[in-house]
Every structure is written in C-alpha cells, then in structure tokens.
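# Topology and contacts: notes
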Amino acid sequence: MAARRTGVKGSCSRPDAAKGGEMRALIAGNWKMHGTGQALEEVRKVADAAAAIDCDLLLCPPATLLHRAVEASGGRLPIGAQDCHWERSGAFTGDISAEMLVDAGARAVIVGHSERRLYHAESDQQVEAKARAAQAVGLVTIICVGESEAERAAGQEMAVVGRQLSGSIPEGSSAQTCVVAYEPVWAIGSGRTPTREEILAMHGFIRTSLGRRLGGAGQAMRILYGGSVKPANAAQILGLPDVAGALVGGASLKADEFLAIARAAGQEINHGKPTLR
Ligand code: PEP
C-alpha cells in the first residue's frame, strides 16, 4: 500500500500480538449521521493533538463532511468513510463508490457496521464485496462483526461472529488492508459493555478464526473492540490482550473524549513510535 495510506495501518507494538509481528493500536471514530460544518472544529482539535499521541487515529465523519474533514485535518489525521458501494460506478442513486471516497481524500472505510446490516439489510456477501472494492483502490477496510443480544442469550455469539468473519472478509486481506472490529450489537450506544472474560473469549475466537483462514496475515490483523467505549472504561478495555484498539461511536464526536480514549490506548497498548505521519 502506498505510503500515503500508512496512516491507518500500523506496525503494532503489542507484545501479545501475532508471533513476530508488532501491533500498533488504532482508535477509530465513527461519527455516524452526526455533524455539519461546525463539527470540523473537532477534527481540527484531534489533528492538532495527534502528533503527541502514541497510537494510530482515524475519524470517519459522514460523507458530506469527508472532503472538508480531510482539508481540516491538514494531513495530520487520516479521515475515513462509513460505507461504500461494491461497484465502481453505475446507476446506484445515493450510493458512493470506493474510488469516489479515495477521490475525496479518504484513507479507510468502515464496512458491515451493524447499523448497515440491520437497517439496510446488508448481507455478509455484500459486505465482502464492499470490502473487496475498497481494498482494490487502496482503502483500509474496517470490517465490523458482532452478535445481537438475543444471539448471545442463545449462546450463538461465536457461531454468528464466525459466520460473519468467513462471509465478510475478502480472500487475500492482510493486516495492511484490513482491520476487524468486534462490536456486540447490544453494546453499541447502550452504555453496556461485555465483561472482561466475554471480550477475551471473543477476541481469542476471532484471532483463531483469522489465523485458520488467512494464516500469518490473519494472525497479524488488528482486532478492535467497539461498543460504548468511553474515557472512563478505555484503559480497562484497551489493556486486554488482543484488543488492538477501539471503534468509537458517541465518544468520538467530541475531540476531548476521543483523545482521552486515544491516550489510554497509547498507554495501555503501544510502546513504539507513532506510524501515522
Ligand atoms: C459504533 O457504532 O461503532 C459504536 C461503537 O458506537 P458507541 O461507541 O456509541 O457504542
């Protein structure tokens, strides 16, 4: 991948990461359908602080702000998108292709977020096609997986996440092109988080699944946790083995909160030099 895109890939420095590989934390903010021009001030604040933070950062504003966010970041903070279409162009009213995101200055894209899977009925197959299209034009893909509350109550969480992993991650994905975000649907925006043991068990399961399917590439891939991560619980969650960062929704809307989480990641995970710039 071109040097321009190294902002969201990382050499990571987590000792328990894949054998021989070092894993640098990534804290990615998903603004969802929040923010107009005024919110660019938050992008500027994060960009101003980024150099002093020892982890990779990414902000994913809505598509309407993408290009302006790239400009506001001044090249000091990678900006990503929240979704893309799997086709390069065509009669898909309202959709945006991966190539268009690159043209707007995006370096990464979230695909398969549970809100897309739920409200837009996106299948694993579609998520995989989107991820493939995005990787083909050099975007880092953050591929989201996670079970619903009912699925967990039924003891189906591993089966569900296993299916999503095998259906949504393109063949040939690597740690440079792909990040996996485990986001239990019931933890998103709810203020609830899984227990330490639940996160450990799921991240371990994801790591094993990625390794079986993709070998060394799967072993080296970052696995983020997402779902109600706040400054108050960031250190506890980010300190867990095999949690290589977070996908943050609500707390990413305010620079101060987002930066507090990123600082916790820097302290809990990284011991290396920033690779963002
Ligand atoms: C998300 O939607 O990806 C998310 C993690 O949201 P929140 O942090 O608000 O739970």
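Refer to the structure printed above.
## Section: the overall build of the protein
Scanning the protein from terminus to terminus reveals eleven helices and eight strands. Looking at the protein residue by residue over its 277 residues, the buried ones come to 55%. Restricting to contacts in the protein with at least 6 residues of sequence separation, those with at least 24 account for 75%. Looking at the protein as shown, the accessible area adds up to about 11,500 Å², and 52% of this sits on carbon and sulfur atoms.

## Comments concerning the pairing of strand β2 (residues 56-60)
Of all five residues in β2, five are buried, a share of seventy percent or more. Burial along β2 is two-sided: D56, L58 and C60 facing one way and L57 and L59 facing the other are all buried. Looking at chain direction, strand β1 (residues 26-30) and β2 are connected through five bridges and run parallel. Each residue of the ladder has a partner; that of G29, found in β2, is L59.

## Here we look at the packing of helix α1 (residues 40-50) against helix α2 (residues 66-73)
At a closest axis distance of 8 Å, the pairing of α1 and α2 adopts a crossing angle of 35 degrees. Crossing of α1 over α2 shows right-handed handedness. Taken together, the residues of α2 that come into contact with α1 (itself represented by L40, V43, R44 and A47) are R68, A69, A72 and S73. Tallied by class, the residues present in the contact of α1 with α2 amount to five nonpolar, one polar and two charged.

## Let's talk about the nonpolar core
For soluble globular proteins, nonpolar side chains are generally found buried alongside one another. Judged by nonpolar contacts, the single largest core of 68 residues is most densely connected at I27, V43, L57, I206, L210 and L238. The leading source of residues in this core is helix α11 (residues 255-268), at seven residues. Once residues within four sequence positions are removed from consideration, I206 is found in contact with V145, V161, L165, V180, Y182 and I223. Core analysis: the second largest hydrophobic core is formed by 13 residues, L26, I142, C144 and L224 among them.

## Considering the side chain of S174
Tracing the backbone shows S174 in the loop between α7 (157-168) and β6 (178-182). Discounting residues that sit within four places of it in the chain, S174 has contacts with A217 and M221.

## Concerning the environment of L259
Structurally, the position occupied by L259 is in helix α11. Put simply, L259 and I27 are 232 residues apart on the chain and 9.1 Å apart in space, counted from C-alpha to C-alpha.

## With respect to the sheet that holds strand β8 (residues 245-248)
The strand order across the open sheet formed by eight strands is β2-β1-β8-β7-β6-β5-β4-β3, and the pairing between neighbours is parallel. Lying at the two open borders of the sheet, with one neighbouring strand each, are β2 and β3 (80-81).

## Quick word on the pairing of β6
Here β6 lies mainly inside the structure; five of its five residues are buried. Here five bridges tie strand β5 (residues 140-145) to β6, and the two strands are oriented parallel to one another. Bridging across to β6, I142 finds its partner in V179. Bridge count for β6 against strand β7 (residues 222-226) is four bridges, and the pairing is parallel.

## Quick word on the site of the ligand
The local shell around the ligand holds 14 residues, among which K32, H113, E183, G189 and S228 are the closest. Residue K32 places a side-chain N or O atom 2.5 Å away from an oxygen atom belonging to the ligand. In this structure, an oxygen atom belonging to the ligand sits 2.8 Å away from a main-chain N or O atom of G249. Class assignment of the residues belonging to the shell around the ligand gives a composition of four nonpolar, eight polar and two charged.

## Examining the packing of helix α10 (residues 231-238) against α11
Packed helix pairs are characterised by how far apart their axes lie and by the angle those axes make with each other. Contact geometry of α10 with α11 gives a least axis separation of 9 Å together with a crossing angle of 25 degrees. Classified by the interaxial angle, the pair formed by α10 and α11 is roughly parallel. Here α10 and α11 pass one another in a crossing that is right-handed. Across the interface between the two elements, P231, A234, A235 and L238 of α10 pack against E257, A260, I261, A264, A265 and E268 of α11.

## A closer look at α1
Taken residue by residue, α1 has L40, E42, V43, V46, A47, A49 and A50 as its buried positions. Buried positions along α1 lie against β2, α2 and α11.

## Observations regarding the pattern of salt bridges
Tallying each qualifying case throughout the model produces 20 salt bridges. Salt-bridge contacts for E128 lead to R132; the nearest nitrogen and oxygen are separated by 2.9 Å. Linking E128 with R132, this pair stays in helix α5 (residues 124-136), spanning four residues, or about one helical turn. Its relative accessible area of 16% is what places E128 among the buried residues. With its nearest N and O atoms 2.8 Å apart, the salt bridge here joins D242 to R207.

Rules used throughout
- Residues numbered from 1 in each chain as written.
- Predicted model: local features only at pLDDT ≥ 70, side-chain atom pairs only at ≥ 80, totals over all residues.
- Heavy atoms only, no water.
- Helix = DSSP H or I, 4+ residues; strand = E, 2+ residues; numbered from the N terminus.
- Buried < 20%, exposed > 50% of the residue type's maximum accessible area, 1.4 Å probe, protein only.
- Contact = heavy atoms within 4.5 Å.
- Areas by Shrake-Rupley, 256 points an atom, 1.4 Å probe, with all protein chains shown as cover.
- Pairing = 2+ DSSP bridges.
- Axes fitted to C-alpha atoms, helices over the stretch in contact; angles between N-to-C directions.
- Left-handed = near helix turned anticlockwise from the far one by under 90°.
- Nonpolar A, V, L, I, M, F, W, Y, C, P; charged D, E, K, R; others polar.
- Core = buried A, V, L, I, M, F, W, Y, C linked by side-chain atoms within 4.5 Å.
- Near = heavy atom within 4 Å.
- Polar contact = N/O pair within 3.5 Å; in protein donor to acceptor, adjacent residues only side chain to side chain.
- Parallel < 35°, antiparallel > 145°, perpendicular 65-115°, else oblique.
- Salt bridge = Lys/Arg side-chain N within 4 Å of Asp/Glu carboxyl O.

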